Amino acid sequence: KVVAVIMVGGPTKGTRFRPLSFNTPKPLFPLAGQPMVHHPISACKSIPNLAQIFLIGFHEEREFALYVSSLSSELKIPVRYLKEDKPHGSAGGLYYFRDLIMEDNPSHIFLLNCDVCCSFPLPEMLDAHRRYGGMGTLLVSAESASEFGELVADPITNELLHYTEKPETFVSDLINCGVYVFTPEIFNVIQDIHTHHEDRANLHTLSRSEALWSPTKTPAKDFVRLDQDILSPLAGKKQLYTYQTMDFWEQIKTPAMSLKCSALYLAQFRLNSPNLLARGDGTKNPTVVGDVYIHPSAKVHRTAKIGPNVSISANVRVAAGVRLMSCIILDDAEIQENAFVMYAIVGWKSSLGKWARVQASSDSFTCGEGDYKTKLGITILGEAVTVEDEVVVVNSIVLPNKILNISVQEEIIL
Ligand code: GDD
């Protein structure tokens, strides 16, 4: 049997995702109309002999309760949310729930970060992992950016030879994708790190009581990071191997990246589940361009033109003559006649007046490719923002409950 664990973090994580993580935990933010965490979960369906899926985090239980129970019946696989009382780190969280995870006596454990966007080639990873015969296999991708874990792998055996988490200087152009498969032996390794941390903490307390040590912060004994504490020391010991994806891979730390990843998942729907995409005909339905998701409860006027890369959530109302491109429109928002939205996220219950424009400036994107890396590369309206008639909002972030009656550009409206 195999189990899958998805690390969903908690409210003190995901701060770069504000203002969209104020009321909704980041893992439940919709990409291509489905909660972020839904994409790795539905990829788990293709794992042979999958017994259970666990989400581990320190968000309030009630925020995930409804989602996991409806998911369990939909997938016909038990999905459970396990709440940590405090953050234990990416490996510490796994260890904290080891008894529950090992309940079905699985031979393999998948571990996935919730905030990565890729095609999750999980069965292929499992096959490769079995061939390698090590304790763990990491999904890796060729990227040149220093904000990830960088690694060196043996080109013949694929063994992980060297690992550095977010290095300051160039190490390699292979990065850690945050998707792993382990044998249960991983728990012994985390246990060892635990004991090591405990010894260090005891030494620290002892030294402090003897006043030989300047009182600094005692390291938390049960906080274990997968990357620094486990991958780095185990590299080059014939225990960890890599499996390289040639497909897309992105990390979702900011709202702008969620817009980019929404596009990637919509494109994947076109290949795997085209029935989820909207089909417009301009007569009864609106005109649809490219990949678009429209929730069945949304009401979109037939004279609106939607797409490409648009995702419209539940109960949204889109009036006549509206143009939407590259945007995410969240639940209960209202877009009035002839409004225009491009490279933007419109928050829950927000409202755009007639002829309003919410967009990125035309020089912040070229040839239809958005500028997702800069902070004000797209426009974001938080929850319940009102943009009055004819008001233009360009490259700005608007915090919840604001009323905009004058146009703004490159501003953060607090
Ligand atoms: N439950 C729980 N408890 N989850 C946690 C905790 C914790 O204490 N700490 C982090 N997580 C979750 C996050 O929500 C995220 O899904 C994942 O674990 C990794 O988060 P971080 O440890 O903050 O690392 P990161 O996202 O900055 O970088 C990691 O992922 C990159 C790929 O996206 C590293 O492993 C990098 O090397 C890697 O490139």
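That block above? That's the structure.
The structure presented is a predicted model; accordingly, all values stated were derived computationally and were not measured. (Residues numbered from 1 in each chain as written. Predicted model: local features only at pLDDT ≥ 70, side-chain atom pairs only at ≥ 80, totals over all residues. Heavy atoms only, no water.)

*Asks:* Looking at this structure, I do not really get the site of the ligand. What am I missing?
*Replies:* For the ligand, the set of nearby residues contains 28 residues, the closest of which are Lys13, Glu84, Glu165, Asn176 and Lys253. Within the contact set of the ligand, a nitrogen atom lies 2.5 Å away from a side-chain nitrogen or oxygen of Glu84. At 2.8 Å from an oxygen atom of the ligand is found a side-chain nitrogen or oxygen belonging to Asp227. Contact with the protein chains removes 92% of the 730 Å² of surface that the ligand exposes when unbound. When contributions to the shell around the ligand are tallied by element, the ones reaching two or more residues are strand E1 (2-9), strand E4 (50-57), strand E10 (160-165), strand E11 (174-182) and strand E13 (249-251). By residue class, the composition of the shell around the ligand is 12 nonpolar, nine polar and seven charged. (Near = heavy atom within 4 Å. Polar contact = N/O pair within 3.5 Å; in protein donor to acceptor, adjacent residues only side chain to side chain. Areas by Shrake-Rupley, 256 points an atom, 1.4 Å probe, with all protein chains shown as cover. Helix = DSSP H or I, 4+ residues; strand = E, 2+ residues; numbered from the N terminus. Nonpolar A, V, L, I, M, F, W, Y, C, P; charged D, E, K, R; others polar.)

*Asks:* Sorry if this is basic, but what is going on with the pattern of salt bridges here?
*Replies:* For side chains bearing opposite charge, pairing can occur when the charged atoms are close. Applying the stated criterion to the full structure yields 11 salt bridges. Between Glu159 and Lys238 there is a salt bridge, and its shortest N-O distance comes to 3.7 Å. Of the two residues, Glu159 is situated in the loop between strand E9 (149-153) and E10 and Lys238 in the loop between helix H7 (226-234) and strand E12 (240-244); the sequence distance between them amounts to 79 residues. Residue Glu159 is classed as buried on the basis of its relative accessible area, which comes to 5%. With a relative accessible area of 60%, Lys238 lands in the exposed category. Here Glu383 and Lys349 are joined by a salt bridge, their closest N and O atoms 3.1 Å apart. Highlighted residues: Glu383 in the loop between strand E25 (379-381) and strand E26 (386-387) and Lys349 in the loop between strand E22 (340-346) and strand E23 (351-352), separated in sequence by 34 residues. A network of salt bridges, in which partner residues are shared, links Lys26, Asp115 and Lys253. (Salt bridge = Lys/Arg side-chain N within 4 Å of Asp/Glu carboxyl O. Buried < 20%, exposed > 50% of the residue type's maximum accessible area, 1.4 Å probe, protein only.)

*Asks:* Sorry if this is basic, but what is going on with the nonpolar core here?
*Replies:* Generally speaking, nonpolar side chains in soluble globular proteins are found buried as a group. If you look at the biggest cluster of nonpolar residues, it comprises 67 residues, and the most contacted ones within it are Ile53, Leu55, Phe110 and Leu122. The contacts of Leu55, once residues within four sequence positions are left out, are Ile6, Val8, Val37, Ile41, Phe64, Val68, Arg80, Tyr81 and Leu82. Of all hydrophobic cores here, the second largest spans 36 residues; its members include Met7, Phe54, Phe97 and Leu160. (Core = buried A, V, L, I, M, F, W, Y, C linked by side-chain atoms within 4.5 Å. Contact = heavy atoms within 4.5 Å.)

*Asks:* Honestly, the packing of aromatic side chains in this entry has me stumped. Any pointers?
*Replies:* Aromatic rings in a pair are described by how distant their centres are and how their planes are angled relative to each other. Under the criterion given, the structure shown has eight aromatic pairs. Ring plane angle 80° and centroid distance 5.2 Å describe the contact between Phe17 and Phe29, whose orientation is recorded as edge-to-face. With a gap of 12 residues between them, Phe17 in the loop between E1 and strand E2 (30-31) and Phe29 in the loop between E1 and E2 connect regions that are remote in the sequence. Look at Phe29 and you get buried, because its relative accessible area is 0%. With centroids separated by 4.6 Å and ring planes inclined at 5°, the aromatic side chains of Phe64 and Tyr81 adopt a geometry described as stacked. Residue Phe64 is located in helix H2 (residues 61-75), and its partner Tyr81 is located in strand E5 (residues 79-83); the two are separated by 17 residues in the primary sequence. Linked through ring pairs, Phe17, Phe29 and Trp348 together constitute an aromatic cluster. Over the ring of Tyr95 we find Arg98; its NZ or CZ atom is 3.9 Å from the centre of that ring. Positioned over the ring face of Phe340 is Arg357, at 3.9 Å from the centre of the ring. (Phe/Tyr/Trp six-rings, centres within 6.5 Å; stacked < 30°, edge-to-face > 60°. Lys NZ or Arg CZ within 6 Å of the ring centre and 35° of its normal.)

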